[in-house]
Structure formats: structure tokens, C-alpha cells
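Residue-level listing of the chains:
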Amino acid sequence: MIQFLLLSTIAAQGSAIETIEVIGGKNLLASDSFTNVNIEHVGKDDLHGASTIADWVVQVPGVSLNGQGGLYQSYSIRGLSRWRVRTEVNGIVLLTDRRAGNSASFIDPGLLQLASVQKGPAAMLYGSEAIGGVIAMTSVQGEQDTLELGVEDTGNGRHILAITGKENYNLAFAYRKKDSSHAPNGDRLNNGFEQFSSSFRYKHQLADDIELNMSWLPSVSNDVGKNSVTFPESQVAMYPEDLHSLAQVSVKSKQWLVNVFHHYQNWDSDVLRIGKRQNLTEYQSHTLGANLYQEFSWNKLPMRAGLDWTARRGVSITDQETNFKTTADPAYNTLLDGQQDNFAAFINGIWEQQSWRADFGARFDHFTASNFGVSKSDNHLSHSLGLTRQWQTHSVSLNYANAFRFPTLTELYFNGVTPRGNTLGNPQLDPETSQGLELTYRVDSQLAKTTLNVFHTRLDDYIERVKLASGDRTYLNLDQASISGAEISTQIELSDALSYTLGYTHQKGKSNTGEYLSDIAPRKLSLSGRYAWQSFEFKSALNYQLAKHQPGSGETDLDKSLVVDINMNWFMDEHWTLRAGVLNLFNRLHKTTADEDAPFHTERTIKFDVSWTI
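Please read all numbers here as calculations on a predicted model, not as lab measurements.

Novice: What's the story with the environment of L280 in this structure? I'm lost.
Specialist: Mapped onto the secondary structure, L280 falls in strand β15 (residues 277-298). Residues L280 and N422, 142 residues apart in the sequence, show an inter-C-alpha distance of 13 Å. With residues near it in sequence (within four places) discarded, L280 still touches D268, S269, D270, T318, D319 and Q320.

Novice: I tried to follow the sheet that holds strand β1 (residues 39-43) on my own but got confused; where do I start?
Specialist: Adjacent strands of a sheet pair through backbone hydrogen bonds, lying either parallel or antiparallel. Taken in spatial order, the five strands line up as β1-β6-β7-β4-β5 in an open sheet, and their pairing is mixed. Only two strands of the sheet have a single partner each, and these edge strands are β1 and β5 (92-93). Here strand β4 (residues 85-89) runs beside β5; their pairing, made up of two bridges, is antiparallel. Paired with E88 across the two strands is V93, which belongs to β5.

Novice: What am I meant to see in unusual backbone geometry here?
Specialist: One can expect most non-glycine residues to show negative phi and most peptide bonds to be in trans. Cis geometry is found at the peptide bond from F231 to P232, where omega equals -5 degrees. Of note, P232 is situated in the loop between β12 (210-225) and β13 (235-252). Despite not being glycine, D223 shows a phi value in the positive range, around 50 degrees. Among the structural elements, D223 can be located in strand β12.

Novice: Quick question: what am I supposed to make of the packing of aromatic side chains here?
Specialist: Between two aromatic rings, the relevant description is the distance of the centres plus the angle of the planes. All told, the structure shown has 14 aromatic pairs when counted by the stated rule. Aromatic pair W576 and W612: ring centres 6.0 Å apart, planes at 20 degrees, arrangement stacked. Pair noted here: W576 is in strand β30 (residues 576-583) and W612 is in strand β31 (residues 605-613), with a separation of 36 residues, a long-range link. Taking relative accessible area as the criterion, W576 reaches 37% and is therefore assigned partly exposed. Taken together through their ring pairs, the aromatic side chains of Y531, W533, F536, F538 and W570 make up a single cluster.

Novice: Looking at this model, I keep getting lost on the pattern of salt bridges. Mind explaining?
Specialist: Where charged atoms of side chains with opposite charge meet at close range, the side chains can pair. Tallied over the full model, the rule gives 26 salt bridges. For R86, the salt bridge goes to E88, with nearest N and O atoms at 2.7 Å. An identical accessibility class is assigned to R86 and E88; each is buried. The partner of E129 in a salt bridge is R86, with the nearest N and O atoms 2.9 Å apart. Placement of the pair is E129 in the loop between β6 (112-118) and β7 (133-139) and R86 in strand β4, with a sequence separation of 43 residues. For the pair formed by E129 and R86, the shared burial category is buried.

Novice: Help me understand the side chain of R82, please; the structure alone is not making it clear to me.
Specialist: Among the structural elements, R82 can be located in the loop between β3 (74-77) and β4. Looking at R82, its side chain comes within polar contact range of the side chain of D519, at 3.2 Å.

Novice: Could you clarify how one ought to interpret the pairing of strand β17 (residues 331-353) in this entry?
Specialist: Two faces make up the sheet, and in a regular strand the side chains alternate between them. Of the strand pairs in this sheet, strand β16 (residues 301-323) and β17 are connected by 17 bridges, and their pairing is antiparallel. Looking across to β17, one finds that A305 is bridged to I347. Where β17 and strand β18 (residues 356-371) come together, 16 bridges link them in antiparallel fashion. Within the sheet, the bridge partner assigned to Q339 lies in β18 and is S370. Between β17 and β18, which pair antiparallel in sequence order, lie two residues; one of them, Q354, sits at a positive phi of approximately 55 degrees.

Novice: Can you walk me through the nonpolar core in this structure?
Specialist: One recurring pattern in soluble globular proteins: nonpolar side chains tend to sit buried together. Counting residues in hydrophobic clusters, the biggest one holds 56 residues, and the most contacted among them are V63, Y75, V89, I135 and M137. Considering each element in turn, this core owes the most residues, four residues, to helix α2 (residues 53-57). Contact partners of V63, with chain neighbours within four places excluded, come to V57, V58, Y75, S76, I77 and V117. Grouped together as the second largest cluster of nonpolar side chains are 18 residues, L80, M124, A401 and Y462 included.

Quick notes on the rules
- Residues numbered from 1 in each chain as written.
- Predicted model: local features only at pLDDT ≥ 70, side-chain atom pairs only at ≥ 80, totals over all residues.
- Heavy atoms only, no water.
- Helix = DSSP H or I, 4+ residues; strand = E, 2+ residues; numbered from the N terminus.
- Contact = heavy atoms within 4.5 Å.
- Pairing = 2+ DSSP bridges.
- Phe/Tyr/Trp six-rings, centres within 6.5 Å; stacked < 30°, edge-to-face > 60°.
- Buried < 20%, exposed > 50% of the residue type's maximum accessible area, 1.4 Å probe, protein only.
- Salt bridge = Lys/Arg side-chain N within 4 Å of Asp/Glu carboxyl O.
- Polar contact = N/O pair within 3.5 Å; in protein donor to acceptor, adjacent residues only side chain to side chain.
- Core = buried A, V, L, I, M, F, W, Y, C linked by side-chain atoms within 4.5 Å.

Have a look at this one:
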């Protein structure tokens, strides 16, 4: 099947019109009225050098890495991580039970066209999983026929990407493989993997103003290493097989949209504790959903309203444990057998008068979750309000929102072994609620564009993962916690050939009893630049991460680091492009997160790609 997809992709002829679909901010029909300037985008051109989805999206200020690393590296937005960040691909929400949070890295980054990142209170319209923000990605579409081959010296990495498409369809296939690599000090890293993934998109005009859209993204990953400081002396953790299928069908006009989707996942984790025991955990689930969306005018005000239904079915986690200290047969246990439903309704409107704009919205959610006959349910009404004042070259926005997050099935009910150790669910957890405030200032001149964000979020019943004296981990509600910070980004375009971007992010988070929260990113300074000369394009990125000496639960101190990446594109002619890059140019020994199990980052890596476009 894989060989057939590859051959048919390469053999297909013709080119297509390139299009970009932006659905961030719940703007499902991409209407100008509901365009949200607080949404930031990273496109396909920013992919070169990014090995994972996380590497791609952290180019946006306020988005940071968290967790242990490797292919399934996860990310946070403004200090909120794990299940507090909603990840979507083609409008399909990704819900998994990995303790570090959701990740879309089972998809090759080359199959994605655009990532839209929404931070701040307006993300409330997406519901429970978006209390920290939304990362919405779209797969490639309307591309010219392309074949790309690439290699890298670290871990003998190699990949192939093939894309073909016309106006009404697109087909893409990607394969990549990497062996275990090393850190600059020689430490062996458990970051190898093999992955097959593909993408299919189709659209058809049913009537003059009614359009059908379909997409399917299947993926199979094998032997994905779980990168950890415990490897290989005391623990070896792997995902032997990871299968995903994402499918959606939508019908839309200029005023309404109906969308249904399905995400099937089936993956295993294999945790070997040297000389003690081995646990093979099998996980599978279905995520089903539907969205109804309508735009209309009320007293001359642009309005939008919708209904969301998201269900998880057949969420099954079983464990097979082999104890090396006994001769007993392996023990089999069902750790979780649950389901979950979320029904929601939302409405949002805009009022504009001369240089003023007000955005207001509300969302009602009903949640139910059950496992082995034990159930939990809750309701919540969220709301938001934003006010913007626009002058000729600058603007000021103030946004407020009340939101909530319902505990996941894992936080409530999972009791078993993970690559981090024994994890115990807490069925008594209460939902988190938050009150967020954000002040945004923008100035736009001919030479530079500057955006400053200052934010503060107060969270009640904050769900924190804590480590017990026994070494086990569980989840507890903190009475109250707060996260605040600032982000500033300046884009300077000196000419068509020369531009650069400067950025700074700062976050801090504490509970009401004075404990530091986990996953709060250290302060970071960044400088990236682009220079074009004749048929060459040069890009560089410098990231200076300051030390972190206030770790939260499950974290340790993090030293400062300075990392430089460089990339070069040579557009040889209209068909051929050669790309070369060096990641971690100065081979610095550093860690990217404060996670107590995070190993050192990969040593200097040299990459080469060649692309042929018909």
C-alpha cells in the first residue's frame, strides 16, 4: 500500500494553485469580519530545520518546549501545557492520554502547510482543551508536484517527501527514519524512530455556493524512542508501534458549515526497567466529533454561533507486566476502559464604530466521563470580552475571558506504569477554572512591526501532577495558581533582501501557597534573520535561554544556553532547490526543558535536502 501511494504520487502530473486556509480563532469560514490579529502563523517555508512539530511551532513567541524530548516532544503556551493546549489538524481535535500532553508529531512536518497559534482569552471559544491556547494546523494543499530527498549526519537520518495535486485534490506521502544519536558530551540518546505518513485532501463544488471538503491523514510509526536521562543504564522506554488515522468531511457555504471527524489511534509503550520488570502497555481509542457553524447579522452586528460535539469511545489501556525477580507468568491488567462526551454551544459577536472594536462571546459546555461504571459530569459557562482602539500606525487591545478545563480520563482514572513510573489517577479532581487578562500593543511602521503582550491568568483548582514520597505520581487540585508574563516581538525589514526578527519572552507561575508551577518556560531572547542574494537565501536563528532556578514539581534547575542554527537555500532553477543547514552550530551541551527526566539535546547536526518541482 505504501509503495503504491509513493509511486502514484511521483507519477502524477500537473500543478496546482497554492492556497492557504486559515481557520484560527474559530473563524471556520475565513470571514474578514472575524479575522483575529492575535493569531500568529508559521508556514511551510519555516519548516526547514524543524525535526518535529514542536520545533516548528516554538518559533512563535510564548510557545515553549516541555517534557522529555524526542520525536513526541510536547509544547506549552504561556506556561500552560499538557491537556491545556488544544491541538487541531484540519479541524480534527487531537485527544490522547500521554501524560506530557498532546502532540501531532505522528505526522511528518512536511505534510503540513500552516500552523496557526492563538494565545490569550479569545481561545475560550474552543472550550475545555483550550484554556492555554490553540494550535491549529492544516495539511498541504494545492501544491505543485514535488519530490524531496533529505539526509542528516546525526543518527543517519533520511527522509523522502512526495506531493502532487491539482485544484480539487492533493496527495502527499512522507517517509523518514533516524537511528539513535548522541549529545555533545557523547551521551547516547534514545531518539530513533521510523515513520510512514500520508495526506489526502479533496474538494468539490456541489452548487454555486456549496462546497464539499474531505481529508484523510494516516500514519504508522515504529520503534519511537522515549528520550530520557534514565536511558540506557536504568530504563529503556519505546513506542514499538503508533498507528493513527485522521479523517473529516465538511460541507460549507458562505454563511454555514457542517463538519464531522474521526481520529482512531492505537499505540503501545514498552518500558524496560533493567533487572526489575518490563511493562507493555497497549492503548487505543476513537475520537468522534461534529461541528455546526453559522454566521449571520443581528442588528447590523456580525455574529457567529455553533454547536460542538466531541466524544471519546473505546478508550482502552491494558498492561502486561513481566517481573524478572520471579518466575511467575506475566500479569495482565486493564488499566482504563472509559468514554467521554462534550456537548457545547457558543456565540460570538463584533461591534465596530470608527476606530473602536469590541469582541464578545460565550460558550456553554456539558461534560460526562465514565470508567468501569464510575462517572463524573459537570457544566460550565465561559465568556470573553475584548476592546481594541486603532490609530493610524498603532493599536491597543484589552481582552478578558473566563474559561475552564474538565479533567481528562487519564487524570481521573488511569492507574498504571508509564515511562515516568507509576501514575495514579484521582477521581475526586475538580475542573480547573481560569480568569485571563491580556493587554496588547502594536505599532506598524514602514521599517518595523512591533507587538507587545502582557498577560495574567488566575487559575482555581489548578490540576498539578505531583510526585509522592513513594516515587509514584498522582494529580491534585491546588486551591489557586497564577501565571503572568510578557512577550515582545519586532520584525524589521530593511529591504526585500534583508530582514530580521527580535523576540523576548518572560513567564512566572506560582500557587497561592508559594510553590512554583511546572512547565513555566525560562526567559528567552531570540534573533532570527533572512538575507537573499541572487539565487541564494540565508537564514539564521539565535536563541539565548536564561537559567531557571525555580523548578516546579518533577523539574530540576536548568542552566542557561546559547544555540545557533543556520540554513541556506539555493534555487538552482525553476525546478531544483538545494537546502543545507546546521543545527546547534557551536555544538553546545544544553537541555531544552527543566523536566527532571530530560536528557541533553542532540549534538551538532548537518542536514541536506534536494527538492525537484515539476
